[in-house]
Amino acid sequence: MVNRDDVIALLESKGIEYKSEKHKAVFSIEEMETVCVPDSERIAKNLFLRDDKKRAYYLVSIRNDRTCDLKALRNMIGSRPLSFASVSDLESILGLGKGEVTPFGLLNDEEHKTKFILDSFFSEGVIGIHPNDNAETVFLNSSSLISILSDRGTECIVLNFEK
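Per-chain numbering applies: the sequence of each chain, read as written, is numbered from 1 onward. With the structure being a predicted model, the display of local features is reserved for residues of pLDDT at least 70 and the display and counting of side-chain atom pairs for 80 or more, all residues being used for whole-chain, interface and lining totals. Side-chain measures were taken over the full set of non-hydrogen atoms in the model, leaving aside hydrogen atoms and water.

Visitor: Explain the sheet that holds strand 1 (residues 18-22) to me, and be specific about the residues and the numbers.
Guide: A sheet is described by the order of its strands in space; here three strands give the open sequence 1-7-6, paired in antiparallel fashion. Every other strand in the sheet has two partners, leaving strand 1 and strand 6 (126-129) as the edge strands with one partner each. Direction aside, neighbouring strands of the sheet carry axes that sit 20 degrees apart on average. Note: two strands are recorded as paired if DSSP finds a minimum of 2 bridges between them. Elements are defined by DSSP. Helices are runs of H or I of four residues or more, strands are runs of E of two residues or more, and each kind is numbered from the N terminus. Here strand 6 runs beside strand 7 (residues 136-141); their pairing, made up of four bridges, is antiparallel. Paired with G128 across the bridge in strand 7 is F139. To get an axis, fit a line to the C-alpha atoms, keeping to the stretch in contact for a helix; angles then go from 0 to 180 degrees between the N-to-C directions.

What follows is the structure in structure tokens.
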């Protein structure tokens, strides 16, 4: 499993610029808002979703003050009905626990079951996400994140979640 140290080593080996902020462990975007981290408006809310047949999985990173309408998302991506994936799916597919969802967890999805969906808010700038450790937030350019995930075989989609 790819852990925090592996994520940092990967960023450094690829020469990707990043900024890291350590903080207390957080398990929700509401808890994250209580932590004083610079550039908090660039921190993503991450959702792990699945279709009703458990055939397709999606990790969605959206601006932390936006909501994700699952019916609208279903229409945008042409999927079957969507719901939140179970904790057991999160653990078995992404190697993460409840409240630890992060795009870097996709590095553990060896079967590439999960597609990454990024809010277009982040597409031309920095995104803040956990490095597979929810006691730290890493800020990096979203294009670097997409490059890392694409290189590992993850399908990446950018969508506009703005109302």
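The discussion continues.
Visitor: I'd like a rundown of the layout of surface pockets, residues and numbers included.
Guide: Here a cavity is any set of points on a 1 Å grid over the protein atoms alone where a 1.4 Å probe fits but cannot get out, and a pocket is any open set with protein on both sides within 12 Å along at least 5 of 7 lines; a residue lines the site when it has an atom within 4 Å of a point. Grid points are joined across faces, edges and corners, and a volume is the space filled by probe spheres set on the points. Of the voids in this model, the largest pocket is the one considered here, and its volume is about 520 Å³. Secondary-structure elements contributing two or more residues to the lining of the largest pocket are helix 2 (29-32), strand 2 (44-51), helix 4 (87-94) and strand 6. Sorting elements by how many residues they give to the lining of the largest pocket places strand 2 first, with five residues. Of the residues that constitute the lining of the largest pocket, the class distribution is 14 nonpolar, seven polar and four charged. Residues are grouped as follows: Ala, Val, Leu, Ile, Met, Phe, Trp, Tyr, Cys and Pro are nonpolar; Asp, Glu, Lys and Arg are charged; all remaining types, including Gly, are polar.

Visitor: Just give me the short version of the side chain of T102, but keep the residues and values in it.
Guide: Counting through the fold element by element, T102 comes out in the loop between helix 4 and strand 5 (114-119). Three labels apply to residues, based on accessible area from a 1.4 Å probe with only protein chains included: buried if under 20% of the type maximum, exposed if over 50%, partly exposed otherwise in between. Residue classification places T102 among the buried residues on the basis of a relative accessible area of 0%. Contacts: residue pairs with any heavy atoms within 4.5 Å of one another. When neighbours within four sequence positions are excluded, T102 is seen to be in contact with N46, L59, L96, I129, H130 and N132.

Visitor: Which residues make up the packing of aromatic side chains, and what values do they have?
Guide: When we look at a pair of aromatic rings, we describe it by the centre distance and by the angle of the planes. Aromatic rings from Phe, Tyr and Trp, taking only the six-membered ring of Trp, are treated as a pair when their centres fall within 6.5 Å; an angle between ring planes under 30 degrees marks them as stacked, one over 60 as edge-to-face, and anything in between as tilted. Across all of its chains, the model carries two aromatic pairs by this definition. The interplanar angle of 20 degrees and the centroid separation of 5.7 Å between the aromatic rings of F48 and Y57 together place this pair among those described as stacked. Across the pair, exposure class does not vary: F48 and Y57 are buried alike. Whether a charge sits over a ring comes down to the Lys NZ or Arg CZ being within 6 Å of the ring centre and within 35 degrees of the ring normal. In this structure, K19 is placed above the aromatic ring of F139, and the distance from its NZ or CZ to the ring centre is 5.2 Å. Sitting above the plane of the F121 ring, R63 keeps its charged end 4.5 Å from the centroid.

Visitor: Outline the nonpolar core, supporting the account with residue identities and numerical values.
Guide: What is meant by a nonpolar core is a set of buried Ala, Val, Leu, Ile, Met, Phe, Trp, Tyr and Cys residues, joined one to another through side-chain atoms within 4.5 Å. Among the nonpolar cores identified, the biggest contains 29 residues, and L11, F104 and L140 are the most heavily contacted of them. Of all the secondary structure elements, the ones that give two or more residues to this core are helix 1 (4-13), strand 2, strand 3 (57-63), helix 4, strand 5, strand 6, strand 7 and helix 5 (142-151). For this core, the element with the most residues is helix 1, which contributes four residues. If near-sequence neighbours (up to four positions away) are discounted, F104 is found in contact with V7, L11, I129, H130, P131, N132, L140, L145 and I148. If you look at the next biggest cluster of nonpolar residues, it comprises 14 residues, including V60, I117, I157 and F161.

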